[in-house]
Amino acid sequence: MEDPVLEMKHISKSFAGIPVLKNITLQAKQGEVHAVVGENGAGKSTLMKILMGIHSADEGEVRVHGRKVIFRNPGQAIACGVSMIHQELNPVPDMDVSENLFLGREIRRGKLGGRILVDRQAQLRRTAELLQQFGLSISPRQWMRNLSVAEIQMIEILKAGSISSQVIIMDEPTSAITQWEAERLFQQIDRLREQGVAILYISHKMEEIFRIADRITVLRDGNWIGTFPKSEINRDTLVRKMVGREIGEFLPKVE
């Protein structure tokens, strides 16, 4: 965890003249889970959209393994090893797991009359290998519409892993799953960590942040408040930095 795989330096962004990010710096190291926290409107989503090439920064730069990059769309980010698992999952329900996993990058076995022929059996075999590698008991032939939200998330993580992502953004991944399913997710995150993948983890849930994060970056009103090793900050201090005031100022008084 010495050299950063990702650096976002001095990122600023305005919409219609209103600044939403002001000189933000974020760094992710190989094999770490880096939590990005802040209240709604703090700038977390905008920062991640800049990283994925959905928005362009007004100022600042992005570096992957020390090399300056400019992503103009998510495809370019993915090709450079940066993937995002969105809070709003959007699988193709009438395709099976293997078809979703290889959508847009199908394994080909040639052409016939100008048509590209997909090697269906090779995709099924590769999907089965990946599912086994991640310890998932899901059939490659299972229709996506029959999977739970947690299982769909696992397939998205699997997809990111299968394209050798070096950085994976997870946006509120436990917002619609049970605690038991969340534990399975954390197991997969631990697997990715062991493989040297950097995880940018966005969540409002304090117990999750302190369960899996190595470092925590706090944003507030579009400003960078600080980056802290988990071992050097507690829950109350973290919340105070997120909201900019003492906890007692916004918690109800108990008579």
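All values derive from a computational prediction rather than experimental measurement.

Visitor: I'm lost on the pattern of salt bridges in this one. Help?
Guide: Should the charged atoms of two oppositely charged side chains come close, the side chains can pair. The full count for this structure, using the stated rule, is 15 salt bridges. In this structure, lysine 9 engages glutamate 7 in a salt bridge whose closest nitrogen and oxygen atoms are separated by 3.9 Å. Overall, the relative accessible area of 30% leaves lysine 9 in the partly exposed class. Classification of glutamate 7 as buried rests on a relative accessible area of 16%. Linking arginine 193 and aspartate 214 is a salt bridge whose minimum nitrogen-to-oxygen distance equals 2.7 Å. Taken as a pair, arginine 193 in helix α6 (residues 179-194) and aspartate 214 in the loop between α7 (206-212) and β11 (215-220) lie far apart in primary sequence, 21 residues in all. According to the relative accessible area criterion, aspartate 214 is partly exposed, its value standing at 25%. Connected through shared salt-bridge partners, Glu61, Arg63 and Lys68 make up one network.

Visitor: Help me understand the pairing of strand β4 (residues 59-64), please; the structure alone is not making it clear to me.
Guide: Looking down a regular strand, the side chains alternate between one sheet face and the other. In this sheet, β4 lies alongside strand β1 (residues 4-15) in antiparallel orientation, the contact comprising 5 bridges. Across the sheet, residue glutamate 7 finds its bridge partner in β4, namely arginine 63. Across 3 bridges, the pairing between β4 and strand β5 (residues 67-69) is antiparallel. Looking at the pairing, arginine 63 lines up with lysine 68 of β5. Where β4 folds back on β5, the antiparallel hairpin that results is connected by 2 residues, among which histidine 65 adopts a positive phi of roughly 50°.

Visitor: Would you explain the pairing of β11 in this entry?
Guide: With respect to burial, β11 is a largely interior element, 5 of its 6 residues being buried. Where strand β3 (residues 33-37) and β11 come together, 4 bridges link them in parallel fashion. Bridging across to β11, alanine 35 finds its partner in isoleucine 216. Bridge count between β11 and strand β12 (residues 223-229): 6 bridges; the pairing is antiparallel. From the neighbouring strand, arginine 220 faces β12, where its bridge partner is asparagine 223. Counted between consecutive antiparallel strands, the loop separating β11 from β12 contains 2 residues, among which aspartate 221 sits at a positive phi close to 55°.

Visitor: Sorry, what's going on with helix α5 (residues 149-162) here?
Guide: Side chains that are three or four residues apart share a direction in an α-helix, a result of its 3.6 residues per turn. Here α5 is 14 residues long and its end C-alpha atoms lie 20 Å apart, about the 20 Å a rise of 1.5 Å per residue gives. Counting buried positions along α5 gives 10 out of 14 residues, so the element sits mostly inside the fold. Of all the positions in α5, only Ala150, Ile152, Gln153, Met154, Ile155, Glu156, Ile157, Leu158, Ala160 and Ser162 are classed as buried. Positioned one or two residues after α5, serine 164 has a phi angle of 60°, which is positive.

Thresholds applied
- Counting restarts for each chain: residues are numbered from 1 in the order of the written sequence.
- The model is predicted, so local features are restricted to residues of pLDDT at least 70 and side-chain atom pairs to those at 80 or more, both for listing and for counting; the totals for chains, interfaces and linings are taken over all residues.
- Side-chain numbers come from the whole structure's heavy atoms, not from hydrogens or water.
- In what follows, salt bridge is the name for a side-chain nitrogen of Lys or Arg lying within 4 Å of a carboxyl oxygen of Asp or Glu.
- Only protein chains enter the accessibility calculation, which uses a 1.4 Å probe; a residue is then buried when its area is under 20% of its type maximum, exposed when over 50%, and partly exposed in between.
- Helix numbers and strand numbers start at the N terminus; a helix is a DSSP run of H or I with at least 4 residues, a strand a run of E with at least 2.
- The pairing criterion for strands is at least two bridges between them, as found by DSSP.
- By this rule the span expected of a helix is its residue count minus one, scaled by 1.5 Å.

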